[in-house]
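Understanding the architecture of this molecule
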Amino acid sequence: MHTKQSVALILLILLFVAPLLFGTGAVTVDSFVFKGLADDKVGSGGNTRPDGVQDAHFILTLKLSSPAQIRSLKLQLTDKQGNLLDAYYQSKEYGYAWILGVYQGRQMLNPIPTNNLGVQIGTVTYDLYANDSGVFQQGATFRLDIETSQGNVQTTVTIGDENKSAEPIPTPQKVYSQANIERVLFRGFDADKVGSWAGTEPDGTRDAHFTALLQLPPSTEIQSMTLLHADARGNSLGSFWESRDYGSAWILGTYVEGRFLNPTPGSSHGRYSGDVVIELYAQDNGAFQKNEYFVLDIIADKARLRSHFILLDPVASPPRASAQPSTPSQPSITSLRWAGHDADKVGYWDQVTADGNRDGHFVLTLSLPPNSTIDYLSLHLSDRAGNRYGSFWYTDSTYSWVLGAFMRGNLLNPYRQTPLARSLSGTVMLDLYAADDGSLVPGSYYLMDVSINGKVYTASTAI
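Residues numbered from 1 in each chain as written. Predicted model: local features only at pLDDT ≥ 70, side-chain atom pairs only at ≥ 80, totals over all residues. Heavy atoms only, no water.

Re the packing of aromatic side chains
Selection rule: When two rings of Phe, Tyr or Trp (its six-membered ring) have centres within 6.5 Å they constitute a pair, described as stacked for plane angles under 30 degrees, edge-to-face for angles over 60, and tilted for the intermediate range. Helix and strand definitions here come from DSSP, where helices need a minimum of 4 consecutive H or I residues and strands a minimum of 2 consecutive E residues; each element is numbered from the N-terminal end. For the exposure calls, accessible area comes from a 1.4 Å probe over protein chains only, and a residue counts as buried if that area is under 20% of its type's maximum, exposed if over 50%, partly exposed in between.
Under the counting rule described, the total for this entry stands at 25 aromatic pairs. With a centroid separation of 4.9 Å and 65 degrees between ring planes, the pair formed by Trp338 and Phe362 is classed as edge-to-face. Remark: Phe362 occurs in strand S19 (residues 359-382) and Trp338 occurs in strand S18 (residues 332-343); sequence separation between them is 24 residues. Given a relative accessible area of 0%, Phe362 falls into the buried group.

Given below as structure tokens:
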């Protein structure tokens, strides 16, 4: 009796755990492109090392709606009718066939024959390499079979069509006929961007941070922005912050994609179209209290806009420190939160400069004893239970995607060095940026490892 109950319990656990481990969503091929005979990554037969012959290079992009194990890839020559011919390459059991080398960034995923290329989620890109046996000719067609834990999919490519296949599908730009403030969000006191009055430099105190989401007609010039402390009816209570004429008022620091728009009074904030995200920073003069109202006015060349009243939420608004916190005796992670795709700081793989795509932004706050050293930081995709998946970013390792670490706007790891920073103490806040490999999607879970003074501390967050 007990044995039957145990078996039933195990089956019940597997019923619920299996979807968490491998998901129940779909795997689709986003693109499969032949890039030519360009690199030498593998040899003939089962040789995993370069042999002096340039390989056929393919790029495969998959979309996975939930975590899935990629088990194997098989590339096979076909005739014009799609019938399989003898020449083929595969990622597993390549002792019996020619090897298909599978790379993600600079890392080879199958240096030994394996039926597991890792668990992935979101948009995933692989570089595939096959030794040139003479079959990669103009007009030749190849079929790629993809085996996953969520089922098998196929795709084909014909050499000579790669330019047409590789053309990106343009993302349609939303065109608005009139300007509109979609919403304004209060983010809390999470950064130090400006000073008091006309001070454009950080002064050591955290500013009130708002995010304005705008919808603008083509080539709309933003001329000025004003944040007003108001009553419930929108009447001014006296305090205001200006982005343009801050010689006579407190400055409203204005940023778009990390670029400071108003470093001098009178600066035009530029022309924009479609959906625009603006980050606003105001020095705390004491007005940013719970249950207080604020109004955002925007003057553009095509409209004058006024936001709905911004009430500082009595629950979500973080309190300001009323006194200097005591110095901790042990390191700890105070908080880790997701800030959104709000800036472009780093690029693909190990690129520590902007690449034109908005990165995932996390904000990490630490409490450190005197003379603390941060050795490194790493970010890992996980499930809710803390099991780690294939996507990861490091501040130091050149064999992973870069995790750009910023303190007060300064990049700490331009050379991927270890340690990341020395001689720190008290409250330390870091802005961390990760180029999106497709896994930074709502509902995903992440783990942050922080090595401090040789000991690793871990925090988790969801986006």
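Focus: unusual backbone geometry
Cis rather than trans, the peptide bond between Thr418 and Pro419 has omega equal to 0 degrees. Relative to the helices and strands, Pro419 is located in the loop between strand S22 (410-411) and strand S23 (421-434). Not every positive phi belongs to a glycine, and Ser219 is a case in point at roughly 55 degrees. In this structure, Ser219 sits in strand S10 (residues 207-230). Residue Asn453 is not a glycine yet carries a positive backbone phi of 50 degrees. With respect to the element layout, Asn453 can be found in the loop between strand S24 (445-452) and strand S25 (455-462).

What about the layout of surface pockets?
In this approach a probe as big as a water molecule rolls over the atoms, and the regions it shows empty are the leftover space. Here is the rule: Only protein atoms enter the 1 Å grid, on which a cavity is a set of points fitting a 1.4 Å probe that cannot get out and a pocket is an open set with protein on both sides within 12 Å along at least 5 of 7 lines, lining residues being those with an atom within 4 Å of a point. Grid points are joined across faces, edges and corners, and a volume is the space filled by probe spheres set on the points. Here the term charged refers only to Asp, Glu, Lys and Arg, the term nonpolar to Ala, Val, Leu, Ile, Met, Phe, Trp, Tyr, Cys and Pro, and the term polar to all other amino acids, Gly among them.
The calculated volume of the second largest pocket comes to roughly 730 Å³. What lines the second largest pocket is a set of 30 residues, and nearest its centre among them are Thr125, Trp401, Asp436, Asp437 and Gly438. Mapped onto the lining of the second largest pocket, the elements with two or more residues apiece are strand S2 (55-78), strand S6 (119-131) and strand S20 (388-394). Top element by residues in the lining of the second largest pocket is S6. It accounts for six residues. Tallied by class, residues from the lining of the second largest pocket come to 11 nonpolar, 13 polar and six charged.

A look at the nonpolar core
Test applied: The criterion is simple. A nonpolar core is a set of buried Ala, Val, Leu, Ile, Met, Phe, Trp, Tyr and Cys residues joined through side-chain atoms within 4.5 Å.
Ranked by internal contacts, the top residues of the largest apolar core, which has 40 residues, are Ile374, Leu377 and Leu432. Counting residues per element, the ones that place at least two in this core are S6, S18, S19, S20, strand S21 (401-407), S23, S24 and S25. If you tally residues by element for this core, the top one is S19, at eight residues.

Focus: the environment of Thr141
Where we set the bar: It only takes one pair of heavy atoms within 4.5 Å for two residues to be counted as in contact. Contacts described as polar in this section are N or O atom pairs within 3.5 Å, which, within protein, must combine one atom able to donate a hydrogen with one able to accept it, while residues neighboring in sequence count only if both atoms come from side chains.
Assignment of secondary structure puts Thr141 in strand S7 (residues 141-148). The class of Thr141 is buried, set by a relative accessible area of 13%. Taking the C-alpha atoms as reference, Thr141 lies 7.2 Å from Lys80; in sequence the two are 61 residues apart. Excluding residues within four positions of it along the chain, Thr141 makes contact with Gln76, Leu77, Thr78, Lys80, Val157 and Thr158. Reaching out from Thr141, the side chain makes a polar contact with the side chain of Thr158 at a distance of 2.9 Å.

Structural notes on the pattern of salt bridges
The test is simple: Whenever a carboxyl oxygen of Asp or Glu lies within 4 Å of a side-chain nitrogen of Lys or Arg, that contact is scored as a salt bridge.
Evaluated as defined, the whole model comprises nine salt bridges. A salt bridge links Arg183 to Glu182, with the shortest nitrogen-to-oxygen separation between them at 3.1 Å. A salt bridge links Glu257 to Arg358; its shortest N-O distance comes to 3.1 Å. On the criterion of sequence distance, the pair formed by Glu257 in the loop between strand S12 (250-256) and strand S13 (259-260) and Arg358 in the loop between S18 and S19 is long-range, its members being 101 residues apart. Assessed through its relative accessible area of 29%, Arg358 is described here as partly exposed. One network of salt bridges, with partners in common, ties together Glu221, Arg271 and Asp301.

Structural notes on the pairing of S10
Heads up, the rule is: DSSP calls a pair of strands paired once it identifies at least 2 bridges connecting them.
Of all 24 residues that make up S10, 21 are buried, and the element is covered over most of its length. Relative to S10, strand S9 (residues 180-191) runs antiparallel, the two being bridged by eight bridges. Bridge assignment links Arg183 to a residue of S10, and that residue is Leu213. Where S10 lies against strand S14 (residues 271-282), 11 bridges are found, and the strand directions are antiparallel. From the neighbouring strand, Leu213 faces S14, where its bridge partner is Val277. With eight bridges connecting them, S10 and strand S15 (residues 293-300) associate as antiparallel partners. Among the inter-strand pairings, Ser224 is bridged to a residue of S15, identified as Ile299.

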